[in-house]
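The lines below spell out each chain.
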Amino acid sequence: MEFTTNSLEQHWMPFTGNRDFKANPRLVVKAEGMYFIDHKGGTVIDGSSGLFCVPLGHGRPEIADAVRDQLLTNDYTPPFQMGHPGSFELASKVARITPEPINHVFFVNSGSESIDTALKIAMAYHRAKGEGHRTRFVSRERAYHGVNMGGVSLAGMVKNRETFTNVMPNVITMRHTWMEENVFTPGQPTRGAELAEDLARHCETYGGSTIAAVFVEPIAGSTGCLVPPVGYLERIREICDQHGILLVFDEVITGFGRLGHAFAADAFGVTPDIMTMAKALTNGAQPMGAVAVKDEIYETITNASPEGAIEFFHGYTYSGHPAACAAGNVAQDLYQRDNLFERAGELAGYFGEALHSLKDLECIKDIRSYGLLGAVEVKPQGAPGALGTQLQKDLFWNGLHVKFTGDSGIVAPPFVAEEKHVDEMIDKLRATLSKI
Ligand SMILES: Cc1ncc(COP(=O)(O)O)c(C=O)c1O
């Protein structure tokens, strides 16, 4: 297939070196099961489930059929003051697997929108309780909460925020949880729970009663799989409870089985007040995200308005889009029918060991893993992230897709992967990393 420079020029690609890409494009023309086919006919195994959103593998006919049928039956229903059955069905399926008492689900179209929605829910909740003075939010260094203005304000990844300074005031930051002492630890590190005391210090400095919510990714995913130390999330929960602060788990990556449980909240035994989710909700087949909240949050906000009035002035034209719900309903059924969260948990041991077998390579700085999520961090060469960017390209031409952020390659096989697929990913990683 021939591509002229002009034919690629008009699309301004996201999070991509546009000039570099267009000079040497990597185009996927087909995706099936565990593999992509590129425009030169090469086969590329998907080592990151796309962007962590395709646990069932690519091209599932059950999902495609459901979306097609939905579009032919009812392609679009305005989501304000109207509804269609699919969104209620999907909300109950999601609520069934979220921890109690998280039973109310607000639909959005992406992870970024789920974060900005969660910020607004936190504000609306405190206001409804007469605590509108809670105007501060707490986030973490190296956090990734999407790219909308609220999420960028919470962001701890330097490149994502440096151009867009001071977008939302009143965000304070805790330290991240990467520690030199914990390198090459599979699973949860035992050192580092004391980092949660950053939150206690913020409560002391700013007053706990001025803080609306704390946002954490239970495992910081995009920055390269920083697994929380044992006791860390429990302590964050405890401090939030002491001060009436809402705890938000950003489960956009960890949600829907990635850690061998429905959510990280289950894997780590800590229940937040609000959960954001997106990837894997529809197996990546339709854009969709969601925010799930405790009953008390939903009831406080809805009961604060007179009967008949709109209670929460927020929503998107495509919230709960019929085609996205159709994809989500089938994806959720397949996860349950094939016990895929359990399967992810079963494969996790093999995957973790295989990933950690790369430790002997000279270029490796650290390897981290939990469930079917792991990261291989290389020692930087030149500017931070320069080597990672090069490696993502080299790996692609060597037949492996792994998403690099900075110098960490984030490996997250689909749940339908078999041991032989994990082996193929690790062999390809070894072959490419050995050449550095
Ligand atoms: C933890 C987390 N939150 C939010 C987002 C943003 O999701 P989206 O790219 O769908 O807007 C991501 C995306 O990687 C993420 O990992």
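Check the entry above for the structure.
Thresholds applied
Residues numbered from 1 in each chain as written. Predicted model: local features only at pLDDT ≥ 70, side-chain atom pairs only at ≥ 80, totals over all residues. Helix = DSSP H or I, 4+ residues; strand = E, 2+ residues; numbered from the N terminus. Expected span 1.5 Å × (residues − 1). Buried ≥ 20, exposed ≤ 12 C-beta atoms within 10 Å, placed from the backbone. Arc of directions from axis to C-beta. Contact = placed C-beta atoms within 7 Å. Near = placed C-beta within 6 Å. Nonpolar A, V, L, I, M, F, W, Y, C, P; charged D, E, K, R; others polar. Pairing = 2+ DSSP bridges. Axes fitted to C-alpha atoms, helices over the stretch in contact; angles between N-to-C directions. Parallel < 35°, antiparallel > 145°, perpendicular 65-115°, else oblique. Left-handed = near helix turned anticlockwise from the far one by under 90°. Core = buried A, V, L, I, M, F, W, Y, C linked by C-beta atoms within 7 Å. Domains from an automatic or database assignment.

*Asks:* A description of helix 5 (residues 85-97) should follow, citing residues and the corresponding values.
*Replies:* When the terminal C-alpha atoms of helix 5 are compared, their 19 Å separation across 13 residues agrees well with the 18 Å that a helix rising 1.5 Å per residue should span. Buried within helix 5 we find G86, S87, L90, A91 and V94. Along the axis of helix 5, the buried positions cluster into a sector of 130 degrees, meaning they face one direction only. Turned more than 90 degrees from where helix 5 packs its buried face, P85 and R96 sit exposed. Where helix 5 is buried, its residues meet helix 4 (61-73), strand 4 (102-108), strand 10 (289-294) and helix 13 (322-337).

*Asks:* Describe the site of the ligand, naming the residues involved and giving the relevant values.
*Replies:* Near the ligand lie 14 residues; those nearest to it are S110, G111, S112, G146 and V252. Of the residues forming the shell around the ligand, the biggest block, 3 residues, is contributed by helix 6 (residues 111-128). Tallied by class, the residues present in the shell around the ligand amount to 5 nonpolar, 7 polar and 2 charged.

*Asks:* Please provide a residue-by-residue account of the sheet that holds strand 3 (residues 43-46), values included.
*Replies:* Spatially, 4 strands are ordered 1-2-3-13 in an open sheet, and the strand pairing comes out mixed. Only two strands of the sheet have a single partner each, and these edge strands are strand 1 (28-32) and strand 13 (400-401).

*Asks:* Got a sec to walk through the packing of helix 14 (residues 340-356) against helix 16 (residues 419-433)? Specific residues and values, please.
*Replies:* Two elements in contact, helix 14 and helix 16, have axes separated by 10 Å at closest approach and are oriented at 15 degrees. With respect to their mutual orientation, helix 14 and helix 16 come out roughly parallel. Of the two elements, helix 14 crosses helix 16, and the hand of that crossing is right-handed. Residue-level contacts link Y350, F351, A354 and L355 of helix 14 to E419, V422, D423 and I426 of helix 16.

*Asks:* For the pairing of strand 5 (residues 136-140), give the residues involved together with the corresponding values.
*Replies:* Across the 5 residues of strand 5, 5 count as buried, placing the element largely inside the fold. Both faces of strand 5 are covered, namely the face carrying R136, V138 and R140 and the face carrying F137 and S139. Across 3 bridges, strand 5 lies against strand 7 (residues 211-216) in parallel orientation. Looking across to strand 7, one finds that F137 is bridged to A213.

*Asks:* Break down the nonpolar core for me, with residues and values.
*Replies:* Buried together is how nonpolar side chains tend to be arranged in soluble globular proteins. Core analysis: the largest hydrophobic core is formed by 125 residues, its most contacted members being V214, I236, L246, I274, A290 and A327. Counting contributing residues per domain, this core is built from domain 1 (5-59 + 339-433) and domain 2 (65-337), each supplying no fewer than three. In contact with A290, other than residues within four places in its own chain, are V94, V105, F106, F107, V108, S114, M277 and L281.

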